[in-house]
Amino acid sequence: MVSTSGDVLAGPSILSTFREELLPMANIVTPNIKEASALLGGIRLETVADMRNAAELLHALGPRNVLVKGGDLPDSLDAVDIFFNGEHFYELRSSRIKTRNTHGTGCTLASCIAAELAKGSPMLTAVRVAKRYVETALEYSKDILIGNGIQGPFDHLLRLKSGSHSFHRKDAFNPSDLFLYAVTDSGMNKKWGRSTVDAVAAAIQGGATIVQLRDKDAGTKDFLETAKSCLAVCRSHGVPLLINDCVDVALASDADGVHVGQSDMPATVARTLLGPEKIIGVSCKTIEQAQQAWIGGADYIGCGGVYSTNTKANNPTIGLDGLKTVCSASKLPVVAIGGINDSNAGTVMEMGVPNLKGVAVVSALFDRENVLAETKKLHALLMEASSSSSKIQ
Ligand SMILES: Cc1ncc(COP(=O)(O)OP(=O)(O)O)c(N)n1
Ligand SMILES: Cc1nc(C(=O)O)sc1CCOP(=O)(O)O
């Protein structure tokens, strides 16, 4: 009706048809502020409270869901959209991207919502995915110079060009780093009489491709010191170091990122704190959790427990079938975790399921006397399994 550039695309003569015939049939309506105002007889929309009011009034005209887009809201640092489903309001915020290339954002958002709904997503998820796509495309296209108008179009093909939704980052994360993911356990290393740093050095020498520092007992000060020492070892070998749960320790040590669980800091908050360059992993047992991790800006998911484990208490097992289900639906690379060792790692990798990039292990490396030998053994086994799975495909 009214484009982002302010052009009136549908005159007043068809407003009544919109209100009386189209809106009652609609599953969702996604007006910008000017359109919402026009549909509601020219009411003033200047604040987020006005947008909530407009969403409610539009909902009363018949659509099942309303998304009032606040991109044009005056004096707002964030881009705030209001989603209303007749029961609950959701304030969906994203940072404002300064660019002239905004032509087509409304159509793209609506088309992306439709595509996500067609794939079976619930409405709010579809809206969130679409918002993230538009935001990502805006960021990607912000400096492109094309055409002579005041506004330029943005570029939808970013994924084809970049091969990733997180294009604007400086190669922070390579999914193949998940191949042999060593997760430390201070209790196990203490039991075998070695420091965490020595254990990490041995695992890297044996072929670990990424390391996560996981210590459930250490205080923040000790955890930070260990993180700094491990980071020196990891950096000297070009292996990323992630911190389990503690975003503060990741920030203070300048580690490469964090791994968070479902009851830890949400990925979206961690992303805001850590910025675009750091790696974020999220533990997921279900398709919904995997989708949420992607929306929240995670880089990969850890999926398990594939098998039962003594390392983590009361950890529900999802088995190979659960792993396959999540991997097949995930938009992010996946590392399998839980009870994986040299007797079953081959089975996991030979499945050759989409997005599965490797295995994460704790006790198979660190509850052993010789970390170097165990890591080498597991690495060789994974190499063999992944080469035979690629022959099968
Ligand atoms: C790679 C990887 N996957 C899953 C987990 C489990 O994380 P979380 O659910 O936060 O449980 P704790 O590790 O905190 O016990 C992980 N750490 N790493
Ligand atoms: C830390 C952790 N997270 C899991 C999950 O399922 O999310 S299983 C697990 C422990 C994995 O240890 P091990 O390799 O010794 O079985």
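Here, the structure is the one placed above.
As a starting point, this report considers the structure included with it. As the structure is a prediction and not an experimental result, all values here were calculated from the model. (Residues numbered from 1 in each chain as written. Chains lettered and ligands numbered in written order. Predicted model: local features only at pLDDT ≥ 70, side-chain atom pairs only at ≥ 80, totals over all residues. Heavy atoms only, no water.)

## Topic: the environment of Ala-201
Thought 1: Of note, Ala-201 is situated in helix α8 (residues 196–206).
Thought 2: Considering only alpha carbons, one finds Ala-201 and Val-233, 32 residues apart in sequence, at a separation of 6.4 Å. (Helix = DSSP H or I, 4+ residues; strand = E, 2+ residues; numbered from the N terminus.)

## Concerning the site of ligand 2
Thought 1: As a structural note, the neighbourhood of ligand 2 is formed by 14 residues, with Thr-309, Thr-311, Asn-315, Gly-339 and Ser-363 the closest of them.
Thought 2: Thr-309 places a polar side-chain atom, nitrogen or oxygen, 2.6 Å from an oxygen atom of ligand 2.
Thought 3: Asn-315 is positioned with one of its side-chain polar atoms (N or O) 2.9 Å from an oxygen atom of ligand 2.
Thought 4: Each residue belonging to the shell around ligand 2 can be placed in one class, and the counts come to 3 nonpolar, 8 polar and 3 charged. (Near = heavy atom within 4 Å. Polar contact = N/O pair within 3.5 Å; in protein donor to acceptor, adjacent residues only side chain to side chain. Nonpolar A, V, L, I, M, F, W, Y, C, P; charged D, E, K, R; others polar.)

## Structural notes on empty space enclosed by the protein
Thought 1: All told, the structure shown has 1 cavity of 30 Å³ or more when counted by the stated rule.
Thought 2: Roughly 40 Å³ of internal volume is contained in the largest cavity.
Thought 3: Lining the largest cavity, in full, are Asp-342, Ala-364, Arg-368, Glu-374 and Leu-378.
Thought 4: In the lining of the largest cavity, the residues fall into 2 nonpolar, no polar and 3 charged. (1 Å grid on protein atoms, 1.4 Å probe; cavity = no way out; pocket = protein on both sides within 12 Å on 5 of 7 lines; lining within 4 Å. Points joined across faces, edges and corners; volume = space filled by probe spheres on them.)

## Focus on the site of ligand 1
Thought 1: Residues in close proximity to ligand 1 total 16 residues, the closest being Gln-212, Arg-214, Lys-216, Ser-283 and Lys-312.
Thought 2: Taking Lys-216, its side chain carries an N or O atom lying 2.5 Å from an oxygen atom of ligand 1.
Thought 3: In the environment of ligand 1, an oxygen atom lies 3.2 Å from a nitrogen or oxygen atom belonging to the backbone of Gly-261.
Thought 4: When ligand 1 is considered free in solution it has 420 Å² of accessible area, and contact with the protein chains removes 89% of it.
Thought 5: Elements with a contribution of two residues or more to the shell around ligand 1: β8 (257–260) and β11 (334–337).
Thought 6: Its residues placed into classes, the shell around ligand 1 shows 5 nonpolar, 6 polar and 5 charged. (Areas by Shrake-Rupley, 256 points an atom, 1.4 Å probe, with all protein chains shown as cover.)

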